[in-house]
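Observations on the model geometry
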Amino acid sequence: MKGPAKNKIIAMIPARYEASRFPGKLMKDLNGKTVITRTYEAAVNTGLFDEVYVVTDSQKIFDEIINEGGQVIRSEKEHECGSDRIAEAVEHMDVDIVVNVQGDEPFIDKNSLAKLLEVFEQEGAEEIDLASLKTPLKESDEITNPNNVKVITGKDDFALYFSRFPIPYPRDTSAKVTYYKHIGIYAFRKSALMDFYRLPMLPLEAAEKIECIRYLEYGKKIKMVETSVKSIGIDTPEDLEKARKLLS
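Conventions used here
- Residues numbered from 1 in each chain as written.
- Predicted model: local features only at pLDDT ≥ 70, side-chain atom pairs only at ≥ 80, totals over all residues.
- Heavy atoms only, no water.
- Helix = DSSP H or I, 4+ residues; strand = E, 2+ residues; numbered from the N terminus.
- Rg over C-alpha atoms; globule rule 2.2 N^0.38 Å.
- Buried < 20%, exposed > 50% of the residue type's maximum accessible area, 1.4 Å probe, protein only.
- Areas by Shrake-Rupley, 256 points an atom, 1.4 Å probe, with all protein chains shown as cover.
- Lys, Arg positive; Asp, Glu negative; His and termini not counted.
- Charge placed at Lys NZ, Arg CZ, Asp CG, Glu CD.
- Axes fitted to C-alpha atoms, helices over the stretch in contact; angles between N-to-C directions.
- Left-handed = near helix turned anticlockwise from the far one by under 90°.
- Contact = heavy atoms within 4.5 Å.
- Nonpolar A, V, L, I, M, F, W, Y, C, P; charged D, E, K, R; others polar.
- Parallel < 35°, antiparallel > 145°, perpendicular 65-115°, else oblique.
- Pairing = 2+ DSSP bridges.
- Core = buried A, V, L, I, M, F, W, Y, C linked by side-chain atoms within 4.5 Å.

Here the focus is the overall build of the chain. Per the secondary structure count, the chain includes 9 helices and 11 strands. In terms of overall dimensions, the chain is globule-like: its C-alpha atoms have a radius of gyration of 18 Å, near the 18 Å expected for 248 residues. With respect to the principal axes defined by its C-alpha atoms, the chain has extents near 55 × 55 × 35 Å. Residues classed as buried in the chain amount to 48% of the 248 residues present. A total of about 13100 Å² of accessible surface is found on the chain, and carbon and sulfur atoms cover 50% of it. Looking at charge distribution, the chain has the averaged site of its 35 positive side-chain charges lying 2 Å from that of its 42 negative ones.

Encoded structure:
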C-alpha cells in the first residue's frame, strides 16, 4: 500500500530592483557576489526545495541570475507585493507548497525553514492554508517599533491578527505576555496563494500595510512556527556593511 504523496515544494525569491529604502540593494556587492546571488545560493544549499527560482521585474537581476547559472522568471505585470509577484509566476506550475524567501536575506536559517515545512506533514495539516515564522521580542523599543510587525496566536498557534501596533495592549501589566515579531518568510499552499492573488485588498490590510492580513480577512488559516533565530535582512547601507563583516 502506497503512503501519502510527497508534497512538491519550491522556493520563490521575489526581487524588485527599486527598493524604496535602499534602491538597487539586491545588486550590491556582498564579498564578491551580489546580495541576490548569495540569497539564491543559500536557498539552493538548504536542500529543502525541489526547485528554487528568482522572480523579478528587473532585467539587471534577470541577467545576473542567468549568468550565475540559476533559475529566474521575469514578471510580466506590475505588482503591489511579493506574494502577487510569486502568484503570477507559479500560476501554471505543478506544485503543492510555495515558500517565499526574501531576496534581501542571504543568511537563510535551514532549521527554521525545515520547521516551517514540517507543519504540512503533521496531523491536521489539511487545516493549514499557509505557515509563517515568529520570534520573541524582549526589548520595549522593539515591541513599540512599527517596522516590527507583531503577531498574536491562539493556543493552537494559528494567527489571530498581525499589527504594527504592540498587540496585545498591556492594560494589565501583571499578565505574563510574550510579544512576537512576524518574520516574513511564508510557506503557502498553492491554492491559498492563488486565492490571495485574485481577491481584492480589504480595509484592515490597507490600513496596516501588512499583506498577510488579507488571508485572515478572507478566513484563511495561518500556522505560526516559533524560532529563536533573528533574521538578518539588508534594508540599509549599514545592514550591508554588517553583512559583509559577518561573511568575512
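What follows is about unusual backbone geometry. Cis geometry marks the peptide bond from Ile 167 to Pro 168, where omega comes out at 0°. Along the chain, Pro 168 turns up in the loop between β9 (159-163) and β10 (179-189). Phi is positive for Asn 31, close to 55°, though the residue is something other than glycine. Looking at where Asn 31 falls in the secondary structure, it is placed in the loop between β2 (29-30) and β3 (33-34). For Asn 31, a relative accessible area of 32% gives the class partly exposed.

Now for the packing of helix α3 (residues 82-90) against helix α6 (residues 190-198). For any two helices packed against each other, the geometry is given by the interaxial angle and the distance between the axes. Running from N to C, α3 and α6 point in directions that differ by 115°, and their axes come no closer than 9 Å. Of the two possible hands of crossing, α3 and α6 adopt the one that is left-handed. Of the residues in α6, those in contact with Ser 83, Asp 84, Ile 86, Ala 87, Glu 88 and Val 90 of α3 are Lys 190, Leu 193, Met 194, Phe 196 and Tyr 197. In terms of residue class, the contact of α3 with α6 is built from 7 nonpolar, 1 polar and 3 charged.

Right, let's get into the packing of helix α1 (residues 35-45) against helix α2 (residues 59-67). Two numbers describe how α1 lies on α2: the axes approach to 10 Å, and their chain directions differ by 50°. Classified by the angle between their axes, α1 and α2 sit oblique to one another. For the pair α1 and α2, the crossing hand works out as right-handed. Contacts between α1 and α2 pair Ile 36, Thr 37 and Tyr 40 from the former with Ile 61, Glu 64 and Ile 65 from the latter. Residue composition of the contact of α1 with α2, by class: 4 nonpolar, 1 polar and 1 charged.

Looking now at the environment of Asp 156. Tracing the backbone through its elements, the reader meets Asp 156 in the loop between β8 (150-153) and β9. Residue classification places Asp 156 among the partly exposed residues on the basis of a relative accessible area of 38%. Residues Asp 156 and Lys 242, spaced 86 residues apart in sequence, show a C-alpha to C-alpha distance of 37 Å.

In terms of residue burial, strand β7 (residues 130-137) counts as a mostly covered element, since 8 of its 8 residues are buried. With 8 bridges connecting them, β7 and β10 associate as antiparallel partners. Across the sheet, residue Ser 132 finds its bridge partner in β10, namely Tyr 186. Inspection of the sheet shows β7 paired to strand β11 (residues 222-226) by 5 bridges, in the parallel sense. Looking at the pairing, Leu 130 lines up with Ile 222 of β11.

One face of the sheet, then the other: side chains in a regular strand alternate in exactly this way. Counting buried positions over the 11 residues of β10 gives 9, a clear majority of the element. Bridge analysis of strand β6 (residues 97-100) against β10 gives 4 bridges, and the strand direction is antiparallel. Looking at the pairing, Ile 97 lines up with Arg 189 of β10. Here 2 bridges tie β8 to β10, and the two strands are oriented antiparallel to one another. Counted as the bridge partner of Lys 150 is Lys 181 from β10.

What follows concerns the nonpolar core. Counting residues in each nonpolar core, the largest one holds 36 residues, and the members touching the most others are Ile 13, Ile 36, Phe 49, Val 54, Val 99 and Leu 116. When sequence neighbours within four positions are dropped, the list of residues in contact with Leu 116 reads Ala 131, Ser 132, Leu 133, Ile 185, Tyr 186, Ala 187 and Val 225. In this structure, Val 90, Phe 188, Ala 192 and Leu 216 belong to the second largest nonpolar core, which totals 32 residues.

Let us look at α6. Taken together, the buried positions of α6 are Lys 190, Ala 192, Leu 193, Met 194, Phe 196 and Tyr 197. Contacts from the buried residues of α6 go to α3, β6, β10, α7 (203-208) and α8 (213-217).

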